[in-house]
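For reference, the chains in residue letters:
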Amino acid sequence: MSRPPKKKIRKKKLFKEPLQSPKGTHDIFYPEILHFTRLERICSELAEFFGYKRIEVPVIENKALFEHGVGIGTDIVDKETYTFQTKGGDWLSLRPEFTSGIVRSYIQNSMDNWPEPVKLWSWGPLFRYENPQAGRYRQFWQADFEFFGPLDPIVDAELILLATKIVKIFGIKQSFVEINSIGCPECRANYRKVLKQYYHTKTRKLCSDCKVRFKKNILRLLDCKNETCQEIKKGAPEILNYLCKDCSSHFQKVIEYLDLLGIAYILNPQLVRGLDYYNRTVFELKAGLAEDAAKAPALLGGGRFDYLMKLLSGPDVPACGFAIGVERMIELAANKEENEDVDVYLAQIGDSARHKLIVLLEEFRKAKIKIGFDLARDSLKAQLKSADRLDAPFALILGQEEVLHDKIIIRDMKSSLQETINLADVVEEVKKRLAKLKS
Ligand code: AMP
């Protein structure tokens, strides 16, 4: 194939060094993108199976939504949310999480008129101004599942089941659930008092963040990763001992359901999660063995948020959900080798063959046969090499001679045996050979 020569145009370079992506952001491309799309597909398939409908909410929301939803005094709102004023004077934030936006949408679109329960899921980028480190980004992706409906412990268990299924199907071999209950506002008020008493004499030893947390949001002290704070935390009273009767019985039932479903979990009385809206059940799903729980990275986190809807001036609807960290999942996937094999490779020689092949591609697509091809390449040797790399069991070769007689060559890549067949029969013939190969 003769290509037009590239014109030489002299241009001054704009930058001394090429620009880099902003700190804490990353490009997702081959081969990582294969895991990314596979995870999205798994989430989508399981969402459908469990009855969750997809929702897309804006990346920008009113600043006040997160301040009231996630809560002032949380790290996410106080330190990590990207907030800016528009030219029109509005204060907006880039979403640091999904839940608040989905609840806002539920209220705005009167989803309480839909048949109960309303089950929604989403997939997309989130933004947190964090210190970038391994597995922690300023723009990262989550898959998010939210259940709005009856306040029943089976809902919590069903969500945890869905979460464990996604993780397992994605290929994370070892994982376990960490679970706790942080009760209702009443239980928490009592617990805050005893926690305050416990920490009262220890504030001098706390890290600077925890000194602030002690005054502003004492439960957050249990979230701190600082070593000294972690040591002090070990002796702290446990919230499970301060739950009211209803919260206690709810938690007991969630645990019973997990036992019934055979889901491995450990109780972590210090799990509080970094967002204010949670109540009762909170959980994380971690990769690895339960013995190494303290060091294990969390793949996903979630819990109940029965009061958030009302807090945001909506109806009184209980809710429960979780969010999966997509990058974490990809980093920890056991099967790093994503399979990009094809069923058949289509090779062509010459312009007329290329034209015929474009039509043929569509027929294979309709037949759902995975094909490999490279229309910009004209060397047969190079194309057959690609067929080998993609592990195609067959290659189809279309040259000028074949085009002239409405034929095509089918080559068995293993034995190198070739046969010329009618072009009109090619899709059926490939189907037949693939079926034979799989049987
Ligand atoms: P959260 O929304 O904080 O409950 O987090 C849920 C999951 O999202 C975590 O378990 C992580 O897997 C993931 N995640 C949270 N923050 C980040 C981040 N900055 N970068 C990458 N993944 C994150």
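Below you will find a few notes about this structure.

About the thresholds
- Residues numbered from 1 in each chain as written.
- Predicted model: local features only at pLDDT ≥ 70, side-chain atom pairs only at ≥ 80, totals over all residues.
- Heavy atoms only, no water.
- Core = buried A, V, L, I, M, F, W, Y, C linked by side-chain atoms within 4.5 Å.
- Buried < 20%, exposed > 50% of the residue type's maximum accessible area, 1.4 Å probe, protein only.
- Helix = DSSP H or I, 4+ residues; strand = E, 2+ residues; numbered from the N terminus.
- Phe/Tyr/Trp six-rings, centres within 6.5 Å; stacked < 30°, edge-to-face > 60°.
- Polar contact = N/O pair within 3.5 Å; in protein donor to acceptor, adjacent residues only side chain to side chain.
- Pairing = 2+ DSSP bridges.

### Quick look at the nonpolar core
Stage number 1. In this structure, Phe 148, Leu 195 and Tyr 199 are the most contacted members of the largest nonpolar core, which totals 52 residues.
Stage number 2. Here this core gets 5 residues from one element, more than from any other, and that element is helix 6 (residues 185-200).

### With respect to the packing of aromatic side chains
Stage number 1. Applying the stated criterion across every chain, the model contains 14 aromatic pairs.
Stage number 2. Between Phe 36 and Trp 141, the ring centres sit 4.9 Å apart and the planes meet at 85 degrees, which makes this aromatic pair edge-to-face. Here the residue Phe 36 occupies a position in helix 1 (residues 32-50), and Trp 141 occupies one in strand 6 (residues 139-148), the gap between them amounting to 105 residues.
Stage number 3. Using a relative accessible area of 7% as the deciding quantity, one classes Phe 36 as buried.

### Observations concerning the side chain of Arg 304
Stage number 1. In this fold, Arg 304 is placed in strand 10 (residues 298-304).
Stage number 2. Under the relative-accessibility criterion, Arg 304 is labelled buried at 0%.
Stage number 3. Of note is the side chain of Arg 304, whose polar atom sits 2.7 Å from the side chain of Asp 306.
Stage number 4. Polar contacts involving the side chain of Arg 304 include one to the main-chain carbonyl oxygen of Ala 319, which spans 3.3 Å.

### Some words on the pairing of strand 14 (residues 394-398)
Stage number 1. Across the 5 residues that make up strand 14, a large majority, 5, are buried.
Stage number 2. The alternating pattern of strand 14 places Phe 394, Leu 396 and Leu 398 on one face and Ala 395 and Ile 397 on the opposite face, and all of these are buried.
Stage number 3. In terms of strand pairing, strand 12 (residues 344-348) meets strand 14 through 5 bridges, oriented parallel. Its bridge partner being in strand 14, Tyr 345 is matched across the sheet by Ala 395.
Stage number 4. Bridge count between strand 14 and strand 15 (residues 407-412): 4 bridges; the pairing is antiparallel. Across the sheet, Ile 397 pairs through a bridge with Ile 409, a residue of strand 15.

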